[in-house]
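# Chains, contacts and geometry: an overview
Each chain is listed here by its residues.
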Amino acid sequence: MSMSALPWELNTFEAMKRVTHFLFGLVLIAPWEIWAQLNLRVLYRLAPITLGKRLPFNSNDSIQLDQLKFYIGTKDEKVHFFDLEDSLTHTLILHQPEDSTLLYFGMDSLANTQGRLDGPFDPLLGMYWAWNTGYIQIKISGVLWTSIQSFPFEYHLGGYRHPYITHYQKMVSLHNRTVHLSLEGFLSALPIQDQPKIMMPGPRAWTLYQHFVSSFP
Amino acid sequence: MKYLIPLWLLLSALLVSWEVSPEDGLFYQPDGWPKPSYNFETNPISHEGFLLGKALFYDPLLSKDSTVSCASCHLQYTAFAHVDHPTSHGVDSRVGKRNAPGLMNLAWYPYFHWDGGVLGLNGQAINPITHPDEMGSTLEDVLKKLNRNPTYRKAFQNVFKTDEIKTQHILKALAQFTVSLVSANSKYDQMKRKELAFSDQEQRGYTLFLRHCNQCHTEPLFTNFKFKSNGIGPHPTLKDEGRSAITGKEKDALTFRVPTLRNVEHSFPYMHDGRYGKLKEVIHHYATASMWKLPVSSELKKKNISLNSDEEKALLSFLKTLTDKAFLLNSTFGYFSLK
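In this text the structure is predicted, and so the values were computed from the model without any measurement.

## Comments concerning the overall build of chain A
Along its length, chain A carries five helices and 12 strands. A total of 217 residues make up chain A; the buried ones form 45% of that total. Once local pairs closer than 6 in sequence are excluded, the contacts in chain A between residues at least 24 apart make up 66%. Carbon and sulfur atoms make up 60% of the accessible area of chain A, which totals about 11,600 Å².

See below:
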């Protein structure tokens, strides 16, 4: 009997066997798979944030995010690429369920410079700093509207040279295997009106990156 | 015969199972040279990989409008540097900020570009492919074009055992070609191997070189890969701060990576901004300490070089012994496309 036989071509015994295997597999594998995940939700004023949508900001302004990408990791997946636009990247591997877990933010200098160019390190993801080898740890861009004018902004934050190293570990609390990242604080910390672009490592990038890390609960 | 022995040792260490010689074009380790910085384990060189990399190097398909190839700026006969233009230009005739350096002995480079900002040869090629002043393309676009091309797909499948061409495969293939550009057969090398002798003038030039230049342009690679200022001063219009753009440190302002002097006779124009067209002018710059502009690295300041015109000529004739005709004319590095 070939493996590709369709269910109605099987005799009852074989069919029963398949069904049993399937159920057995569900019990064994499926919950394990779910348990092995950590979900990341990005929120703004308690609601999930959407790219390209104008949101109220401060008291009279509004803001829109066009891009949000960053690296984050768990002890079971040290370097994970998160892209708000791609929901497949919103889950990380994490085996042990707990109330809180250690998360890794950014990456160390070795990961930045080892020259692996595949998986989360693929320059195709737009996080590779070509002219100054290393990875952008968070990329965020969008537009801020005040009552007077609009301010497009773009931040590429990262860096692994002493003392401006964007690499941290932090205990973060979980609810139902989910981390809730609330962006209000980080967005307010961005110096959108006086420095709408930061594209290289240094003190300002480093300070902003710390605001990002402290947005995690 | 002499350099086949270290060659075999190296290659067996790399578990590469075929025999090559310098004439095959593949990487080899010249006698008495330091250990390469390039990690061959991450990208084992094969003959097929070298050919694929060479085809990509000469293929304008890598640029936005398919007009510019790597070879547009890196010509073999000029030691893979860019001639004519002080700073290189690419698609839409945009003029870049820097002079394209020659490409040779890259396996020994700890970092790349005039400011050392690029840390690995594999990742280097993303720069020209995506730089708006160079090839102005995107990785997505290049990957799409290559994956649509049956000849390339077959070649990549053959070298990397992959059905889908990904970023790392393009970069590794290019590196298999560029890392194989070993130049170690100049008159200087032959003199070192005692296959021939220098003329009196060349020998005098060599002595001057050892006294005044070797500290930075250190044998056998003719660079110590450090970041220095050689007194040419900042360019009047291009605002290039050099190394400090990478490190953010004041002390690195206007320092540039010491360039190799191998094949320097052919890699004009000179300096990071290509400001000197002739080697004679460069030597004259060094010969007259009073002409040096700030900043000047301490090695040079201490020397306070002053050379008469005879000495300048001797130094020039020594620099010309660094020309490796066998490398510049080696047809295995020349134009190639996959059939």
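There's plenty left to go through after this.
## Overview of the nonpolar core
One finds L52, L56, F57, L62, L146, F156 and I170 of chain B to be the most contacted residues of the largest nonpolar core, which totals 73 residues. Those elements that place two or more of their residues in this core are β5 (77-83) of chain A together with α2 (47-57), α3 (70-73), α5 (126-130), α6 (139-147), α7 (150-160), α8 (167-178) and α15 (325-328) of chain B. For this core, the leading source of residues is α8 of chain B, giving six residues. Counting 41 residues, the second-largest nonpolar core is a separate cluster that includes L84, F105, I140 and V179 of chain A.

## Some words on a positive patch on the surface
A contiguous patch of positive charge on the surface is contributed by K278, K280, K313 and K320 of chain B. Among the secondary structure elements, K320 of chain B is positioned in helix α14 (residues 309-320).

## Some remarks on the pattern of salt bridges
Within the structure shown, the criterion is met by 11 salt bridges over all chains. Here R116 of chain A and D118 of chain A are joined by a salt bridge, their closest N and O atoms 3.2 Å apart. Judged by relative accessible area, which is 27%, D118 of chain A ranks as partly exposed. Among the charged side chains, a salt-bridge network with shared partners connects R98, D115 and D240 of chain B.

## Here we look at the packing of aromatic side chains
Residues and elements named next belong to chain B. For the coordinates displayed, the defined rule picks out 42 aromatic pairs over all chains. Both rings, one in F198 and one in F318, keep their centres 6.1 Å apart while their planes meet at 75 degrees; by these two values the pair is edge-to-face. Of this pair, F198 sits in the loop between α9 (187-192) and α10 (200-212) while F318 sits in helix α14, and the two are 120 residues apart along the sequence. The burial state of F198 is the same as that of F318; both residues are buried.

## Focus: the interface of chain B and chain A
Contact with chain B, which involves 16 residues of that partner, is made by 14 residues of chain A. Of the roughly 1,300 Å² buried at the junction of chain B and chain A (both faces included), carbon and sulfur atoms supply 59%. On the chain B side of the contact with chain A, L119, Q168 and I246 of chain B bury the most area, a combined 31% of that side's loss. Applying the counting rule to chain B against chain A returns zero salt bridges.

## Focus: the confidence of the model for chain B
Residue and element names in this part refer to chain B. With 88% of its residues at a pLDDT of 70 or more, chain B has an overall mean of 89. Taken together, the stretch residues 13-22 has pLDDT below 50 and engages in 19 contacts with residues farther than four places along the chain or on a different chain. Scored as a complex, the prediction yields pTM 0.86 and ipTM 0.78.

## Quick look at the packing of α7 of chain B against α8 of chain B
The packing of two helices is summarised by the inter-axis angle and the distance between the axes. Residues and elements named next belong to chain B. The interhelical angle for the contact between α7 and α8, taken along N-to-C directions, is 80 degrees, at an axis separation of 11 Å. Classified by the angle their axes make, α7 and α8 are roughly perpendicular. Taking contact as the criterion, the partners of F156, V159 and F160 in α7 are, on α8, H169, I170, K172, A173 and Q176. Looking at the contact of α7 with α8 residue by residue, the classes come out as five nonpolar, two polar and one charged.

## Section: the side chain of D273 of chain B
Relative to the assigned elements, D273 of chain B resides in the loop between β2 (256-257) and α12 (279-287). There is a polar contact of 2.8 Å between the side chain of D273 of chain B and the side chain of R275 of chain B.

## Things to note about the domain arrangement of chain B
All names here are of chain B. By the assigned domains, chain B splits into domain 1 (46-183 + 326-333) and domain 2 (187-323). Computed over C-alpha atoms only, the centres of domain 1 and domain 2 are separated by 27 Å. At the boundary of domain 1 with domain 2, total buried surface from both sides reaches about 2,300 Å², with 60% on carbon and sulfur atoms. Together, K97, W114 and D115 form the three largest contributors to the area buried by domain 1 at its contact with domain 2, with a combined 27%.

## Re unusual backbone geometry
Residues and elements named next belong to chain B. Between E219 and the following residue, P220, the backbone shows a cis peptide bond with an omega angle of -5 degrees. The residue P220 is located in the loop between α10 and β1 (227-228) in this model. The amide bond that connects F268 to the next residue, P269, takes the cis arrangement and shows omega of -5 degrees. Here the phi dihedral of L254 falls at roughly 60 degrees; this positive angle occurs in a residue that is not glycine. Looking at the secondary structure, you find L254 in the loop between α11 (244-247) and β2. Taking relative accessible area as the criterion, L254 reaches 25% and is therefore assigned partly exposed. Here N263, not a glycine, exhibits a phi torsion of approximately 55 degrees, which is positive.

Cut-offs applied
- Residues numbered from 1 in each chain as written.
- Chains lettered and ligands numbered in written order.
- Predicted model: local features only at pLDDT ≥ 70, side-chain atom pairs only at ≥ 80, totals over all residues.
- Heavy atoms only, no water.
- Helix = DSSP H or I, 4+ residues; strand = E, 2+ residues; numbered from the N terminus.
- Buried < 20%, exposed > 50% of the residue type's maximum accessible area, 1.4 Å probe, protein only.
- Contact = heavy atoms within 4.5 Å.
- Areas by Shrake-Rupley, 256 points an atom, 1.4 Å probe, with all protein chains shown as cover.
- Core = buried A, V, L, I, M, F, W, Y, C linked by side-chain atoms within 4.5 Å.
- Patch = residues over 30% accessible without salt bridge, like charges linked within 9 Å, V, L, I, M, F, W, Y side chains within 5 Å.
- Salt bridge = Lys/Arg side-chain N within 4 Å of Asp/Glu carboxyl O.
- Lys, Arg positive; Asp, Glu negative; His and termini not counted.
- Charge placed at Lys NZ, Arg CZ, Asp CG, Glu CD.
- Phe/Tyr/Trp six-rings, centres within 6.5 Å; stacked < 30°, edge-to-face > 60°.
- Buried area = accessible area lost by both parts, 1.4 Å probe.
- pLDDT = per-residue confidence, 0-100.
- Axes fitted to C-alpha atoms, helices over the stretch in contact; angles between N-to-C directions.
- Parallel < 35°, antiparallel > 145°, perpendicular 65-115°, else oblique.
- Nonpolar A, V, L, I, M, F, W, Y, C, P; charged D, E, K, R; others polar.
- Polar contact = N/O pair within 3.5 Å; in protein donor to acceptor, adjacent residues only side chain to side chain.
- Domains from an automatic or database assignment.

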